[in-house]
Amino acid sequence: PTLRAPHPSRRRRVAMSTFKDMQDEHAARQAVLRERVEISRDAALASVSGLTEQMVDAVNAGTVEVFENQKRVEEQARELRRKGAKFAGVTSEWVRIVRGFDDDLREIGDFEGWIKRVELDLNNLTQAMKKVAEQGSGSPRERGAS
């Protein structure tokens, strides 16, 4: 048997058939790749969506915590202002009491000074009266000689 070269039309058909097979194979691979890309895209979107939700939840939780802390701080500030005003009132009352006590002590000091002056005056008067009495009770001669 001798090998004979295929007829040119047959060669064309074989080449066309092979090219067509290659095109079909390429189209099939492209379809598989498109499918994989689509699946990957959907998975990425789902993953990003889940991550986004988690991030929003984390931010919201932090925001709620900050808001709660702010409310507590504002309440404590109001309480501190109230206690500060009460303390100022108590302090003012103590200042008034201490000033009154100080004034009373000064009056007592003035009273003591007054008593000492009266006592000194009475002592001087007593001494003067004793002198007068001594001079008046002297001998009759001394009275007549005077």
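Heads up: these notes are all about the structure in this document. (Residues numbered from 1 in each chain as written. Predicted model: local features only at pLDDT ≥ 70, side-chain atom pairs only at ≥ 80, totals over all residues. Heavy atoms only, no water.)

**What to know about the overall build of the protein chain**
The number of helices and strands found in the protein chain is 2 helices and 0 strands. Residues counted as buried form 1% of the 146 residues belonging to the protein chain. For the protein chain, the exposed surface amounts to about 13700 Å²; the carbon and sulfur share of it is 61%. (Helix = DSSP H or I, 4+ residues; strand = E, 2+ residues; numbered from the N terminus. Buried < 20%, exposed > 50% of the residue type's maximum accessible area, 1.4 Å probe, protein only. Areas by Shrake-Rupley, 256 points an atom, 1.4 Å probe, with all protein chains shown as cover.)

**A closer look at a negative patch on the surface**
Negative charge collects at one region of the surface, where Asp103, Asp104, Glu107 and Asp110 lie side by side. For Glu107, the location among the structural elements is in helix 1 (residues 8-136). In this structure Glu107 comes out as exposed when scored by relative accessible area, which is 54%. (Patch = residues over 30% accessible without salt bridge, like charges linked within 9 Å, V, L, I, M, F, W, Y side chains within 5 Å. Salt bridge = Lys/Arg side-chain N within 4 Å of Asp/Glu carboxyl O. Lys, Arg positive; Asp, Glu negative; His and termini not counted. Charge placed at Lys NZ, Arg CZ, Asp CG, Glu CD.)

**Re the pattern of salt bridges**
Two side chains that carry opposite charge are able to pair once their charged atoms sit near each other. As enumerated under the stated definition, the model contains 8 salt bridges in all. Glu79 is paired through a salt bridge with Arg82; the nearest N and O atoms lie 2.4 Å apart. Of this pair, Glu79 and Arg82 are both found in helix 1, 3 residues apart, which corresponds to roughly one turn of the helix. For Glu79, a relative accessible area of 28% corresponds to the partly exposed category. With a relative accessible area of 46%, Arg82 lands in the partly exposed category. In this structure, Lys83 engages Glu79 in a salt bridge whose closest nitrogen and oxygen atoms are separated by 3.9 Å. Highlighted residues: Lys83 and Glu79, both in helix 1, separated by 4 residues, approximately one helical turn. A relative accessible area of 48% places Lys83 in the partly exposed class. What emerges from the salt-bridge pattern is a single network uniting Glu79, Arg82 and Lys83.

**Structural notes on a nonpolar patch on the surface**
Residues Phe111, Trp114, Ile115, Val118, Leu122, Leu125 and Met129 make up a contiguous nonpolar surface patch of about 680 Å² in total accessible area. Given a relative accessible area of 30%, Val118 falls into the partly exposed group.

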